[in-house]
Amino acid sequence: MVPSPSAPWIYRHSRTLIFAIATLGAIETAYLTGAKLLGRSAICPTQGCHDVLNSSYATVFGLPISLFGFLAYLGMAALAAAPGLANPDSQKALRAQLNRWTWWPMFGLGTAMAVMSGFLMYLLAFELHALCPYCIASATFSATLFLLTLVGRSWEDFGLQALVGVAVTMVALVTVLGVYGGSPTTATETAQLASRQITTPSGPAELSLARHLKQMGVKTYGAYWCPHCYEQKQLFGRQAFSMLDYVECDPKGNNARPQLCRDAGIKAYPSWEIDGQLYTGRLALEELAQLSDYQGRQDFIGNLGLKSRP
């Protein structure tokens, strides 16, 4: 039933609160997802945002984890708003059914979001040791949504509710442990990614550009797990890239120098430091030649059709 005017305040306004908080969460995660997919840096007051959002934990199945958060928030907002879409005068029965049927999915989704956010906060505190306001805000949103789905209506069968909550919690834990148990954070796969070999050869033009960049003191910053960093290496080829001053930013990588990355203000991978100016994203070799005033031969063989930043 739709809450009556005499029902407790929380019963009458819980859906509105859920919709508002879920909308805020969707906006936040949409922004982070867009920044990640476009290779841009999210605006953040702390270095921890950069460390977290560019870590191996921030990507699942090749997609930003924020994308999955966005879909969860969007689903929660849609469920909360569903009864309000029915006409309160001519569709009272439908409105009441939607109000009743959507509470269980909201409770299940809220439980799963709270569990997963809790696990991610554990990683934040004990694995990454970083302060990320975006992550904390999202975890707060998720916890609040769970509490609102728990107390936002009168649950007739507390035993069934507890059973559903435990079941969803177990599934969420198994899922998140399975995902991160098979992610690049395991020791074996970390070593595999860190030792991934450059397979393309270097031509005379690539070698000449690399020498020029080295002489200019140009630095390139990246992380062993970053796909665009690997593409950048492939553009240069084995011999040419080995000549560059490459700085590994992830502490888990080989010969890592994370402090240099922090001092340089690196916000995204890969990044190039040329004449004191930072350029982010995978750069075509012609673009690097232009930015560094390279005047040598430019018949590059390693561009693989990649002529500009993604």
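Look up: the structure comes first, before these words.
Residues numbered from 1 in each chain as written. Predicted model: local features only at pLDDT ≥ 70, side-chain atom pairs only at ≥ 80, totals over all residues. Heavy atoms only, no water.

Novice: Can you break down the nonpolar core residue by residue, with the values?
Specialist: Formed by 19 residues in total, the largest nonpolar core has its most connected members in Leu209, Leu213, Phe236, Leu244, Trp272, Leu285 and Leu288. When residues of this core are traced back to their parent elements, those giving at least two are α9 (204-216), α10 (227-236), α11 (238-243), β5 (271-274) and α13 (285-291). Per element, the largest residue contribution to this core is four residues, and it comes from α9. Not counting residues up to four positions away in its chain, the partners in contact with Leu288 are Leu209, Gln232, Phe236, Trp272, Ile274 and Leu283. The next biggest cluster of nonpolar side chains, apart from the first, holds 17 residues, and it includes Ile18, Ala22, Tyr73 and Leu145. (Core = buried A, V, L, I, M, F, W, Y, C linked by side-chain atoms within 4.5 Å. Buried < 20%, exposed > 50% of the residue type's maximum accessible area, 1.4 Å probe, protein only. Helix = DSSP H or I, 4+ residues; strand = E, 2+ residues; numbered from the N terminus. Contact = heavy atoms within 4.5 Å.)

Novice: Let's hear about the side chain of Thr102: which residues, and what values?
Specialist: Position of Thr102 among the secondary structure elements: in the loop between α4 (92-101) and α5 (103-128). A polar side-chain atom of Thr102 sits 2.4 Å from a polar atom in the side chain of Arg15. (Polar contact = N/O pair within 3.5 Å; in protein donor to acceptor, adjacent residues only side chain to side chain.)

Novice: Please give an account of the sheet that holds β5 that cites residues and values.
Specialist: Taken together, four strands build an open sheet; the order of strands is β4-β3-β5-β6 and the sheet is mixed. Looking at the sheet topology across the chains shown, the edges are occupied by β4 (245-248) and β6 (277-280). Going across the sheet, the axis of each strand differs from the next one's by a mean of 25°, ignoring polarity. One ladder, built from four bridges, connects strand β3 (residues 219-222) with β4; its direction is parallel. Across the sheet, the residue bridging to Gly222 is Glu248, located in β4. (Pairing = 2+ DSSP bridges. Axes fitted to C-alpha atoms, helices over the stretch in contact; angles between N-to-C directions.)

Novice: Before we move on, can you summarise the side chain of Arg282 with the specific residues and values?
Specialist: Locating Arg282 in the fold gives a position in the loop between β6 and α13. Of the polar contacts made by the side chain of Arg282, one reaches the side chain of Glu231; its length is 2.6 Å.

Novice: How would you summarise the packing of α4 against α5 if you had to cite specific residues and measurements?
Specialist: Where α4 contacts α5, the two axes come as close as 4 Å, and the packing angle between them is 25°. Accordingly, the angle class assigned to the pair α4 and α5 is roughly parallel. The residues of α5 that touch α4, namely those facing Asn99, Arg100 and Trp101, are Trp103, Trp104 and Pro105. For the contact of α4 with α5, the per-class residue count stands at four nonpolar, one polar and one charged. (Parallel < 35°, antiparallel > 145°, perpendicular 65-115°, else oblique. Nonpolar A, V, L, I, M, F, W, Y, C, P; charged D, E, K, R; others polar.)

Novice: Would you mind going over the state of the cysteines in detail, with residue names and values included?
Specialist: By the definition in use, this model includes one disulfide. Here Cys249 pairs with Cys261 through a disulfide, and the sulfurs are 2.0 Å apart. Residues Cys249 and Cys261 are joined by a disulfide whose S-S torsion is about -90°; by sign, that bridge is left-handed. You can see Cys249 sitting in the loop between β4 and α12 (258-264) and its partner Cys261 sitting in helix α12, a full 12 residues away along the chain. (Disulfide = S-S within 2.5 Å.)

Novice: Go over the packing of aromatic side chains, please, and point to the residues and values.
Specialist: Under the counting rule described, the total for this entry stands at 12 aromatic pairs. Measuring from centroid to centroid gives 6.5 Å for Tyr73 and Phe141, while their planes differ by 85°, and the two rings are edge-to-face. With Tyr73 in helix α3 (residues 65-81) and Phe141 in helix α6 (residues 133-151), the pair connects residues that are 68 residues apart, well separated along the chain. Here the two residues Tyr73 and Phe141 agree in accessibility, since each one is buried. Centroid distance Trp104 to Phe107: 6.3 Å. Interplanar angle 80°. Geometry classified as edge-to-face. Of this pair, Trp104 and Phe107 both sit in helix α5, three residues apart, roughly one helical turn. Judged by its relative accessible area of 30%, Trp104 is partly exposed. Here a set of aromatic residues connected by ring pairs shows up, and it is made of Trp103, Trp104, Phe107, Phe146 and Trp155. Seen from the ring of Trp155, Arg153 lies directly overhead, with NZ or CZ sitting 4.6 Å from the centre. Here the guanidinium or amino end of Lys233 rests over the ring plane of Tyr246, the centre of that ring lying 4.7 Å away. (Phe/Tyr/Trp six-rings, centres within 6.5 Å; stacked < 30°, edge-to-face > 60°. Lys NZ or Arg CZ within 6 Å of the ring centre and 35° of its normal.)

Novice: Lay out unusual backbone geometry with the relevant residues and their values.
Specialist: Backbone geometry places Asp275, a non-glycine residue, at a positive phi of 55°. With respect to the helices and strands, Asp275 occurs in the loop between β5 and β6. By relative accessible area, which is 61% here, Asp275 ends up exposed. Of note, the phi angle at Asp293 is positive, near 60°, even though the residue is not glycine. You can see Asp293 is positioned in the segment after α13. For Asp293, a relative accessible area of 54% corresponds to the exposed category.

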